[in-house]
Structures are given as structure tokens and as C-alpha cells.
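Coordinates in review
What follows is the residue order along each chain.
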Amino acid sequence: MKEYKMRRGEYLEERIPDMEATVEDYFGPITETQEFKGSDLFVIGEPDNPVFEKIVAGTVEYSGKKDKLGVEFHERDPTELGPDELEAAGEAVDAKNDFLLEATGRDAKARRDSLKRSVEDDPDHDVDA
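Residues take numbers from 1 onward in each chain, read along the sequence in its written order. Local features in this predicted model are restricted to residues whose pLDDT is 70 or higher, and side-chain atom pairs enter the listing and the counts only when it is 80 or higher, whereas totals over whole chains, interfaces and linings include all residues. Side-chain metrics in this entry use all non-hydrogen atoms of the structure; hydrogen atoms and water are not considered.

**Points about the overall build of the protein**
We count it as follows: Here a helix means four or more residues in a row that DSSP labels H or I, a strand means two or more in a row labelled E, and each is numbered from the N terminus. Whether two residues are in contact is decided by their heavy atoms: any pair within 4.5 Å suffices. The protein chains shown are the only cover counted for residues, whose accessible areas, like all others here, come from Shrake-Rupley with a 1.4 Å probe.
Helices and strands together make up the secondary structure of the protein, namely four helices and five strands. Listed by position from the N terminus, the elements making up the protein come as β-α-α-β-β-β-β-α-α. For the protein, the proportion of contacts with a sequence separation of at least 24, taken over those separated by at least 6, is 50%. For the protein, the computed accessible surface area is about 8100 Å², with 45% contributed by carbon and sulfur atoms.

**Looking at the pairing of strand β2 (residues 32–36)**
Note the following rule: The rule for pairing is simple: two strands pair if DSSP sees at least two bridges between them.
Of the pairings in the sheet, the one linking β2 to strand β3 (residues 39–44) comprises five bridges and is antiparallel in character. Residue pairing for β3: Glu 32 is matched across the bridge by Val 43. In this structure, the hairpin formed by β2 and β3 is closed by a connection of two residues, where Lys 37 is found at a positive phi of approximately 50°.

**Brief notes about the sheet that holds strand β4 (residues 52–60)**
Heads up, the condition is: What counts as an axis is a line fitted to C-alpha atoms, over the stretch in contact for a helix, and the angles between N-to-C directions run from 0 to 180 degrees.
An order of β1-β5-β4-β3-β2 is seen for the five strands of this open sheet, with the pairing classed as antiparallel. Single-partner strands in this sheet number two, and they are β1 (2–4) and β2. Ignoring strand direction, the axes of neighbouring strands in this sheet form an average angle of 25°. Pairing of β3 with β4, which is carried by three bridges, proceeds in the antiparallel orientation. Considered in β4, the bridge of Ile 44 is made with Ile 55.

**Digging into the packing of aromatic side chains**
Going by this rule: We call Phe, Tyr and Trp rings a pair once their centres come within 6.5 Å, taking the six-membered ring for Trp, and we label the pair stacked below 30 degrees between planes, edge-to-face above 60, and tilted otherwise. Burial classes follow relative accessibility: with a 1.4 Å probe on protein chains only, a residue under 20% of its type's maximum area counts as buried, one over 50% as exposed, and anything between as partly exposed.
A full pass over the atoms with the stated rule returns six aromatic pairs. Seen from their ring centres, Tyr 26 and Phe 99 are 5.4 Å apart, and the 70° between their planes marks the pair as edge-to-face. Highlighted residues: Tyr 26 in helix α2 (residues 19–27) and Phe 99 in helix α3 (residues 83–104), separated in sequence by 73 residues. Residue classification places Tyr 26 among the partly exposed residues on the basis of a relative accessible area of 24%.

Here is the structure:
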């Protein structure tokens, strides 16, 4: 599960007031919920895009800290995809990036840079190994 922070001064509930409807709009009907760090995230068991096997997405709530977006994309092996499904791969990437941009206010490059910084700042991360 990846967790994404919002831009400074922004809050997830302001960017996406209705997480359930937004997740359904991007990926398809929600089939169940899954607990993660005390928060219930939405599970799309049969996503609209055939590239995805399953998607878990929602708000991870933290007491005393800003909430984060929790997302886990389970994708099918590209070698198992037929020609029509391979065409959907580009749409799958666009759906992921558009959803993450809407939720976090950060494009793919900014999200990568933020992830790099969080690894560098992590005291448990041993860079000398």
C-alpha cells in the first residue's frame, strides 16, 4: 500500500469531498472495504479497466496529522493481456495518474520527488548498506 501526502496547506477531504464517488468514477463499482491502519478503504474487485485485477483506495486517517491517500493497484501481468486489453494499458496509466493528481495536487514527477525525499529522511533507511 502506498500512501500519498497532499501539497502543503491542502487537505485530502478538501480536494476530494466524496472519496467513494470519486473512486467509483475513476475505477468502477466498489465491491467491499478493507481495513488499513484503522481506516476503511474501498476495494474495486472488478475494475472497469481490464489491466487492473483489483484496486484498493481511500483515505488513511491519522489522529493529529493530515490524512493521506492510501492506494494499492493490482495489475495483471502484461504477457497475459490480449491486444484489446493492451490498448487499455494507456488508459489505465492515465486513470491512475489523473486520480493521484486530483487527490494530491501533485503530478507524477512531484510524487516521485516526494517519495525520494521521504526515503532520504527515513532514519530506518540504511543508505550505507
